[in-house]
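Here are the chains, one letter per residue:
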Amino acid sequence: MVKVSIVKCENYDHNRVKKAILESLELIGGLGKIIKPDDNVMLKVNAIAGFPPEHAATTHPAVVGAMVEIVKEAGGIPYVGDSSGAYGFTAQALELSGIKKACEEHGGKLVNFESTGTYAVKLNGRVLSSINVAKPALDCDVLVSLPKMKTHMLTKYTGAVKNFFGVIPGGGKAAIHRMAPTEESLSHAVVDIYSALKPKLAVMDGIVGMEGDGATNGTPIASNVILSSMDCVALDAVAPEVMGFSHRDVLTTCIAGERGLGVGELDCIEVVGEKINDVRLGFKKPSRIYYRLPTFLGRFVFKNAENMSRVEISNDCRRCRICVESCPVSAITLFPSPLIDQKKCIKCYCCHELCRSGAVKLKTSYLGRRQLKRWYPERL
Ligand code: SF4
Ligand code: SF4
């Protein structure tokens, strides 16, 4: 039976984090099972945008530093890589998140996927038929996902599987958002990407997670756990349960499980270390209206609710252009004043996710709020 380990870890002290990760790895069989001497080990971090570690949007540098050391001690050669959500901002994201410093201080090699070149990969995916994957993600001997435990505005949860969206550098992400603008289609696209990779391990930074409007605009929450598994899908079945969600509400997990890319059913997973019930938390869900509704109602009203809300830019905008560069449908202009063309906007929430000033807001219209209140008064 596939194993997912849960180990408590209360802070980001280097030695404490390293001990917790080592314990979590031992519980699933140890690194010796997957790393041979001189293997190139690519640690795929989450460096979505240039937020400091305490913002809890990116993999914490203490987890990165500890993993670099652990890989070296196992005989591997550690690399740390990602590409951020917006093209041209990866170097900034790796720097401001503290990941670059942690990688270099502990003896790892930093890789910016924007400058490594890509391989074109043909897929028989549900949404994607070909993708361009950063070369190191395919060239390495051992690929590892190092995600952050977070909510996500569109997919509800983001973890070990969705972390691999970052292997698509450059404008590739925007093109995928254009093709897959809904929760369901994006989840299929994420799993399509995952199907092209062969990760051997996931270690999740759940010491401080993010609740509410993740993946970057939520609130940090002390969640005090490290999760590990040699099956990214299984980890993504357990982690949402620890957060207080149902794993069956996470489409990437369900779809990847159904496609045989991992184990997505809790009943088929052995949870070792702490029990889920002993560490379960109550993460706030994303504020997208339909997600506050039960799943079947949520899906029923999804289209209407989406039509009643819009994404807007507030006066906090500092005109950094990250959202302009990342918008998949070029719906954003900054001059004479920041504006989103609502007719073009496909509500992918990339701008909301990448804005470091919190200037992008999700607004529900007055009429929309009244309508939903009439339908579901007890929920809103
Ligand atoms: S809305 Fe945010 S991301 Fe967009 S230009 Fe303004 S500050 Fe930058
Ligand atoms: S304006 Fe924002 S939410 Fe709308 S399509 Fe562009 S990036 Fe996505």
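Residues numbered from 1 in each chain as written. Chains lettered and ligands numbered in written order. Predicted model: local features only at pLDDT ≥ 70, side-chain atom pairs only at ≥ 80, totals over all residues.

> Please provide a residue-by-residue account of the overall build of the protein, values included.
Counting its regular elements, the protein contains 14 helices and 16 strands. For the protein, whose C-alpha radius of gyration is 20 Å, the value lies close to the compact-globule estimate of 21 Å for 380 residues. By its C-alpha atoms, the protein is 60 × 45 × 40 Å across when sized along the principal axes. Residues classed as buried in the protein amount to 51% of the 380 residues present. Within the protein, counting contacts between residues at least 6 apart in sequence, those at least 24 apart form 75% of the total. (Helix = DSSP H or I, 4+ residues; strand = E, 2+ residues; numbered from the N terminus. Rg over C-alpha atoms; globule rule 2.2 N^0.38 Å. Buried ≥ 20, exposed ≤ 12 C-beta atoms within 10 Å, placed from the backbone. Contact = placed C-beta atoms within 7 Å.)

> So what about unusual backbone geometry? Which residues, and what values?
Here the amide bond leading from Gly214 into Ala215 is cis, since omega sits at 20°, within 30 degrees of zero. Along the chain, the position of Ala215 falls in the loop between strand S10 (199–211) and strand S11 (219–229). The step from Phe335 to Pro336 runs through a cis peptide bond, and the omega angle for that step is 5°. One can find Pro336 in the loop between strand S14 (332–333) and strand S15 (339–340). Positive phi, normally seen in glycine, also occurs at Arg321, with a value near 80°. Along the polypeptide, Arg321 turns up in the loop between strand S13 (309–313) and helix H12 (322–326).

> Describe the domain arrangement of the protein, with residues and values.
Each assigned domain of the protein is listed here: domain 1 (2–279) and domain 2 (289–375). For domain 1 and domain 2, the distance between their C-alpha centres works out to 26 Å. The interface is formed by 21 residues belonging to domain 1 together with 17 residues belonging to domain 2. In terms of residue count, helix H6 (residues 172–179) provides more of the side of domain 1 that touches domain 2 than any other element does, 4 residues in total. (Domains from an automatic or database assignment.)

> I'd love a proper account of the site of ligand 2, names of residues and values included.
Around ligand 2, the surrounding shell holds 14 residues, and the nearest of these are Cys327, Cys345, Cys348, Cys350 and Cys351. A class-by-class count of the residues in the shell around ligand 2 yields 13 nonpolar, no polar and 1 charged. (Near = placed C-beta within 6 Å. Nonpolar A, V, L, I, M, F, W, Y, C, P; charged D, E, K, R; others polar.)

> Could you give an account of the site of ligand 1, with specific residues and numbers?
Neighbouring ligand 1 are 14 residues; Cys317, Cys320, Cys323, Cys355 and Ala359 lie closest to it. Per-class residue counts for the shell around ligand 1 are 10 nonpolar, 1 polar and 3 charged.

> How would you sum up helix H9 (residues 251–258)? Please name residues and give values.
Among all positions of H9, only Thr252, Thr253, Ile255, Ala256 and Gly257 are buried. Gly260 lies just past H9 and shows a positive phi near 75°.

> Give me the packing of helix H8 (residues 232–243) against H9: which residues, what numbers.
Across the interface, H8 lies against H9 with an axial gap of 9 Å and an inter-helix angle of 140°. As far as their axial angle goes, H9 and H8 are oblique. When the axes of H8 and H9 are compared, the crossing they make is left-handed. On H9, the residues that touch Val233, Asp236 and Ala237 of H8 are Thr252, Thr253, Ala256 and Gly257. The residue makeup of the contact of H8 with H9, split by class, is 3 nonpolar, 3 polar and 1 charged. (Axes fitted to C-alpha atoms, helices over the stretch in contact; angles between N-to-C directions. Parallel < 35°, antiparallel > 145°, perpendicular 65-115°, else oblique. Left-handed = near helix turned anticlockwise from the far one by under 90°.)

> Describe the nonpolar core, naming the residues involved and giving the relevant values.
Within soluble globular proteins, side chains that are nonpolar generally end up buried alongside one another. Residues Val64, Met67 and Ile193 are the most contacted members of the largest nonpolar core, which totals 110 residues. Per-element tally for this core: the top contributor is H8, with 9 residues. Looking at which domains feed residues into this core, each of domain 1 (2–279) and domain 2 (289–375) supplies at least three. With near-sequence residues (within four places) excluded, Val64 lies in contact with Leu43, Val45, Thr59, Val80, Ile99, Ala102, Cys103 and Leu146. (Core = buried A, V, L, I, M, F, W, Y, C linked by C-beta atoms within 7 Å.)

> Talk me through the environment of Val233; I want residue IDs and the actual numbers.
Following the sequence through the fold, Val233 ends up in helix H8. Classification of Val233 as buried rests on a count of 29 C-beta atoms within 10 Å. Residues Val233 and Glu265 lie 32 residues apart in sequence; the distance between their C-alpha atoms is 9.1 Å. Ignoring anything within four residues of it in the chain, the contact list for Val233 reads Val161, Thr253, Ala256, Gly257, Leu261, Gly262, Val263 and Gly264.

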